[in-house]
Amino acid sequence: MVSAVTAYLGLRPQPEVQTFEQAKVALREQVYYDQNSKTNPGTFYCGCRWEWVGRSGGRVDLASCGYQVRSQQTRAERTEWEHVVPAWVFGHQLQCWQKGGRKNCKDTDATFRRMEGDMHNLTPAIGEVNADRSNYSYGMLSSSVPKSYGSCPTRVDFKNRVVEPRDAVKGQAARIYFYMHDRYGLNMSRQQQQLFMAWDRQFPVSDWERERDRRIAKVQGNSNPFVTGKRTWVLDAKASDVAEVPPIEEDEDNPESNSTVAAQTAPIVGNRNSRVYHLPEGCPSYERVTGDTRVEFRTVAEAEAAGFKKAGNCR
């Protein structure tokens, strides 16, 4: 795996490797310096305001987002830099991790240090949520899973090790996953790909996400092409240095969706409020889903991965 990643990295020029510690300072000073007020997105998982403390840290205003401490008061009161794609996930795909874990990778592997310090993968988060997220996968949780942090919408299923982030950052999280797996040649399960493809379509790039990308590119030397629109993810995509939108591919495991994908006809349409989707043929309510409630999907798999169910009046 290491040789494959190294070969992949050689396909494109790389900026000087910066450490995780250096990246945190750069993010504080050149990317998120003005994003801690009530008029901005706030912390990643909960949208809280914070005050900057020291070179890269912050003190969270818990009342600003109705946050309630679950169990770790000290970590709940501070910001931490969250790896959206956990270090455990990309580290486990390198030989250095097998020989000594994260510390060994930091000490011996430049590829790991580059991934750990990649600013596109780092966001400010409440420390307690960062700790609870751990290396859990993202996913859709049932309504029976309660909120753990007061008014903060992000939920954690500790038993099944799954986290569902708030809607405002689902699209951003998906595009960060695409970027990290594409740039560093990482593996991602088909189920996760389908989920993130759905989130990518359901929650388009925001103005702040574009500005964040521009700021990081000035410091780090590269953009996230899944934010700029130069690339889009396709199922079972492989790492590539071609910065352009690839053609749509068929989903071999889901024949029902292939007619829509292959022919590139009308999209599958979902209703954000009812959480049901309508096919372009056989669903009489298809044309009625309009305005802000409308979200489009390329395949049935994408819609269902995002938690949508087929409308009951579809033939």
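Scroll up a little and you will see the structure.
Heads up: these notes are all about the structure in this document. (Residues numbered from 1 in each chain as written. Predicted model: local features only at pLDDT ≥ 70, side-chain atom pairs only at ≥ 80, totals over all residues. Heavy atoms only, no water.)

1. Details of the sheet that holds strand S7 (residues 162-164)
Adjacent strands of a sheet pair through backbone hydrogen bonds, lying either parallel or antiparallel.
Line of reasoning, step 1. Taken together, the three strands give an open sheet; going across it, the order is S5-S7-S6, and neighbouring strands pair in mixed fashion. Two strands lie at the open edges of the sheet, namely strand S5 (137-138) and strand S6 (155-157), each paired on one side alone.
Line of reasoning, step 2. As paired strands, S5 and S7 are joined by two bridges and run parallel to one another. Bridged to Ser137 within S7 is Val162. (Pairing = 2+ DSSP bridges. Helix = DSSP H or I, 4+ residues; strand = E, 2+ residues; numbered from the N terminus.)

2. Topic: the packing of aromatic side chains
Line of reasoning, step 1. Throughout the structure, instances matching the rule amount to 17 aromatic pairs.
Line of reasoning, step 2. Look at Tyr138 and Trp199: their rings are 6.4 Å apart centre to centre, the planes differ by 50°, and that puts the pair in the tilted class. In this pair, Tyr138 is assigned in strand S5 and Trp199 in helix H10 (residues 190-202), connecting sequence segments 61 residues apart. Residue Tyr138 shares its accessibility class with Trp199, and that shared class is buried.
Line of reasoning, step 3. A connected cluster of aromatic rings, assembled from ring pairs, spans Tyr138, Tyr177, Phe178, Phe196, Trp199, Phe226 and Trp233.
Line of reasoning, step 4. The ring of Phe20 has Lys24 lying over it, and the distance from NZ or CZ to the ring centre is 4.6 Å.
Line of reasoning, step 5. Geometry around Tyr138 places Arg133 over its ring, the cationic atom sitting 4.2 Å from the centre. (Phe/Tyr/Trp six-rings, centres within 6.5 Å; stacked < 30°, edge-to-face > 60°. Buried < 20%, exposed > 50% of the residue type's maximum accessible area, 1.4 Å probe, protein only. Lys NZ or Arg CZ within 6 Å of the ring centre and 35° of its normal.)

3. Section: the nonpolar core
One broad rule of soluble globular proteins: the nonpolar side chains tend to lie buried together.
Line of reasoning, step 1. If you look at the biggest cluster of nonpolar residues, it comprises 62 residues, and the most contacted ones within it are Cys46, Tyr67, Ile126, Tyr138 and Phe196.
Line of reasoning, step 2. Those elements giving two or more residues to this core turn out to be helix H4 (87-91), helix H5 (95-98), helix H7 (110-116), strand S4 (122-126), helix H9 (167-183), H10, strand S10 (294-297) and helix H14 (300-305).
Line of reasoning, step 3. With eight residues, the single largest contributor to this core is H9.
Line of reasoning, step 4. Core analysis: the second largest hydrophobic core is formed by 13 residues, Val31, Trp52, Leu122 and Trp208 among them. (Core = buried A, V, L, I, M, F, W, Y, C linked by side-chain atoms within 4.5 Å.)

4. Thoughts on the pattern of salt bridges
Line of reasoning, step 1. Throughout the structure, instances matching the rule amount to 20 salt bridges.
Line of reasoning, step 2. Glu209 serves as the salt-bridge partner of Arg175, at 2.8 Å between the closest nitrogen and oxygen. Here Glu209 lies in helix H11 (residues 207-220) and Arg175 lies in helix H9, a separation of 34 residues in the sequence. Accessibility classification places Arg175 together with Glu209 in one group, the buried group.
Line of reasoning, step 3. One network of salt bridges, with partners in common, ties together Glu21, Arg102, Lys106 and Glu116. (Salt bridge = Lys/Arg side-chain N within 4 Å of Asp/Glu carboxyl O.)

5. Here's the deal with the packing of H9 against H10
Line of reasoning, step 1. Packing of H9 against H10 leaves a shortest axis separation of 8 Å and a crossing angle of 130°. One way to sum up the angle between H9 and H10 is to call them oblique. Relative to H10, the crossing made by H9 is left-handed. Contact with H9, carried on its side by Lys170, Gly171, Ala174, Arg175, Tyr177 and Phe178, involves Gln192, Phe196, Met197, Trp199 and Asp200 of H10 and no other residues of that element. (Axes fitted to C-alpha atoms, helices over the stretch in contact; angles between N-to-C directions. Parallel < 35°, antiparallel > 145°, perpendicular 65-115°, else oblique. Left-handed = near helix turned anticlockwise from the far one by under 90°. Contact = heavy atoms within 4.5 Å.)

6. Observations regarding the sheet that holds S10
Line of reasoning, step 1. An order of S10-S8-S9-S11 is seen for the four strands of this open sheet, with the pairing classed as mixed. Edge positions in the sheet fall to S10 and strand S11 (309-310), since each of these pairs with one other strand and no more.
Line of reasoning, step 2. With four bridges joining them, strand S8 (residues 268-271) and S10 adopt antiparallel strand pairing. By the bridge assignment for S10, Ile268 is matched with Phe297.

7. Some points on H10
Line of reasoning, step 1. Over its 13 residues, H10 extends 18 Å from the first C-alpha to the last, a length consistent with the 18 Å expected when each residue adds 1.5 Å.
Line of reasoning, step 2. Among the 13 residues that make up H10, ten are buried, leaving the element largely enclosed by the rest of the structure. (Expected span 1.5 Å × (residues − 1).)

8. Considering the environment of His181
Line of reasoning, step 1. Inspection of the secondary structure puts His181 in helix H9.
Line of reasoning, step 2. By relative accessible area, His181 is classed as buried at 3%.
Line of reasoning, step 3. Sequence spacing of His181 and Ala237 is 56 residues, and the spatial spacing of their C-alpha atoms is 9.3 Å.
Line of reasoning, step 4. If we ignore the near neighbours within four places in the chain, the residues touching His181 are Val85, Leu186, Asn187, Met188 and Trp233.
Line of reasoning, step 5. A distance of 3.0 Å separates the side chain of His181 from the backbone oxygen of Tyr177, its partner in a polar contact. (Polar contact = N/O pair within 3.5 Å; in protein donor to acceptor, adjacent residues only side chain to side chain.)

9. Looking at the state of the cysteines
As used here, a disulfide is simply a covalent bond connecting the sulfur atoms of two cysteines.
Line of reasoning, step 1. What the rule picks out here adds up to four disulfides.
Line of reasoning, step 2. Take the cysteines of the protein chain that form disulfides and number them in order along the sequence; they join up as 1-6, 2-3, 4-5, 7-8. (Disulfide = S-S within 2.5 Å.)

10. Quick notes on the side chain of Lys170
Line of reasoning, step 1. Take Lys170: it is sitting in helix H9.
Line of reasoning, step 2. With residues up to four places along the chain from it excluded, the contact list for Lys170 reads Met140, Glu164, Pro165, Trp199 and Phe203.

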